[in-house]
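What follows is each chain in one-letter form.
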Amino acid sequence: MTDSSGNKNGKFRIIEVSHWTLEEPFLKRKVENEKQEEFLNFIKQIIKDGKNKDFICPIMDPSLDKEQNIIYQSQKDPGISKSAIWWNDKFERFSEQYESRMGTIYEYALLQAKRLEKKDVTLRELVDDSRELGNYWDSFKSRHRLEMTASNPVGDFYDLANLSKIVKDPDKIYSNSEFVLMGGAFYCFGKENPIMQASEITSPSIGYLMGIGWMSLRKIK
């Protein structure tokens, strides 16, 4: 895959979840608390509603070139201070061929569930305490500052918690603005702002210092 900005296959992953059923083994694991049960139930509902479509997503946070175009390159400054609406518009223009757009809360949850299925993360790390999954203030290796892209690898992905992810909430489950922040940023604590925590974006036209857009692309068959 080569997109409109010249990025090649290594910067993206195909997330294959369309074959999932309610009988997936990872959905039947024993839970320790209500938050864990809520996450697994959310994935089950996504499957019941037929929203578990295959998609493509980047493995790192986006950066911006001198013309303010989105790029995905390692060891770059992440693109900060942009609004949810700005990211939404930019993502739609990123790749016409692959029908790029801002990722939804369903896709973001499916990505985490895929990582759970692969045992790259634990259920507890996703919903209870994510400090070991990325750049939180209380992470063991934290340098207490915003890091460059492609830092802190976990499985095939990078940049968890360096910045919160801005995603679409099309059914307004968590936000009337249709945009939410997922997880926390480098100055947050992993137990207070775990990866799957959703926070409402009340002003989608205002730039977010702690948030960065998360993109999804359509899988081409």
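Our structure is the block above this text.
This report concerns the structure included in the present document. (Residues numbered from 1 in each chain as written. Predicted model: local features only at pLDDT ≥ 70, side-chain atom pairs only at ≥ 80, totals over all residues. Heavy atoms only, no water.)

1. Here's the deal with empty space enclosed by the protein
This structure, assessed with the given rule, holds one cavity of 30 Å³ or more. By volume, the largest cavity amounts to about 110 Å³. Lining the largest cavity are 13 residues; nearest its centre among them are Leu-111, Phe-157, Tyr-158, Leu-160 and Trp-214. No other element matches the four residues that helix 3 (residues 105–117) contributes to the lining of the largest cavity. Residues belonging to the lining of the largest cavity are distributed by class as follows: nine nonpolar, one polar and three charged. (1 Å grid on protein atoms, 1.4 Å probe; cavity = no way out; pocket = protein on both sides within 12 Å on 5 of 7 lines; lining within 4 Å. Points joined across faces, edges and corners; volume = space filled by probe spheres on them. Helix = DSSP H or I, 4+ residues; strand = E, 2+ residues; numbered from the N terminus. Nonpolar A, V, L, I, M, F, W, Y, C, P; charged D, E, K, R; others polar.)

2. Here's the deal with a nonpolar patch on the surface
On the surface, a nonpolar cluster with roughly 290 Å² of combined accessible area is contributed by Trp-137, Tyr-187 and Phe-189. Note on placement: Phe-189 falls in the loop between strand 7 (179–182) and strand 8 (198–200). Among the residues examined, Phe-189 registers a relative accessible area of 36% and is labelled partly exposed. (Patch = residues over 30% accessible without salt bridge, like charges linked within 9 Å, V, L, I, M, F, W, Y side chains within 5 Å. Areas by Shrake-Rupley, 256 points an atom, 1.4 Å probe, with all protein chains shown as cover. Salt bridge = Lys/Arg side-chain N within 4 Å of Asp/Glu carboxyl O. Buried < 20%, exposed > 50% of the residue type's maximum accessible area, 1.4 Å probe, protein only.)

3. Regarding helix 1 (residues 34–48)
In a regular helix each residue adds 1.5 Å, so 15 residues correspond to 21 Å; helix 1 covers 20 Å between its end C-alpha atoms and thus fits that length. Residues Gln-36, Phe-39, Leu-40, Phe-42, Ile-43, Ile-46 and Ile-47 constitute the buried set of helix 1. Looking straight down helix 1, one finds its buried side chains confined to an arc of 145°; they lie on one side. Exposed and facing more than 90 degrees away from the buried side of helix 1 are Glu-34 and Lys-48. Looking at where helix 1 begins, the residue whose side-chain oxygen comes 3.1 Å from the main-chain nitrogen of Lys-35 is Asn-33. Phi turns positive, to about 70°, at Gly-50, one or two residues after helix 1. (Expected span 1.5 Å × (residues − 1). Arc of directions from axis to C-beta. Polar contact = N/O pair within 3.5 Å; in protein donor to acceptor, adjacent residues only side chain to side chain.)

4. Remarks on unusual backbone geometry
Positive phi outside glycine occurs at Glu-99, with the angle close to 50°. Mapping Glu-99 onto the fold places it in the loop between helix 2 (84–94) and strand 5 (101–102). At Glu-178, a residue that is not glycine, the phi angle is positive and equals roughly 75°. Following the sequence through the fold, Glu-178 ends up in the loop between strand 6 (164–168) and strand 7.

5. Structural notes on the packing of helix 1 against helix 3
At a minimum axis separation of 10 Å, helix 1 and helix 3 run at an interaxial angle of 115°. On the basis of the axis angle, helix 1 is roughly perpendicular to helix 3. The chirality of how helix 1 crosses helix 3 is left-handed. Residues Phe-39, Leu-40, Phe-42, Ile-43 and Ile-46 of helix 1 pack against Ile-105, Tyr-106, Ala-109, Leu-110, Gln-112, Ala-113 and Leu-116 of helix 3. (Axes fitted to C-alpha atoms, helices over the stretch in contact; angles between N-to-C directions. Parallel < 35°, antiparallel > 145°, perpendicular 65-115°, else oblique. Left-handed = near helix turned anticlockwise from the far one by under 90°. Contact = heavy atoms within 4.5 Å.)

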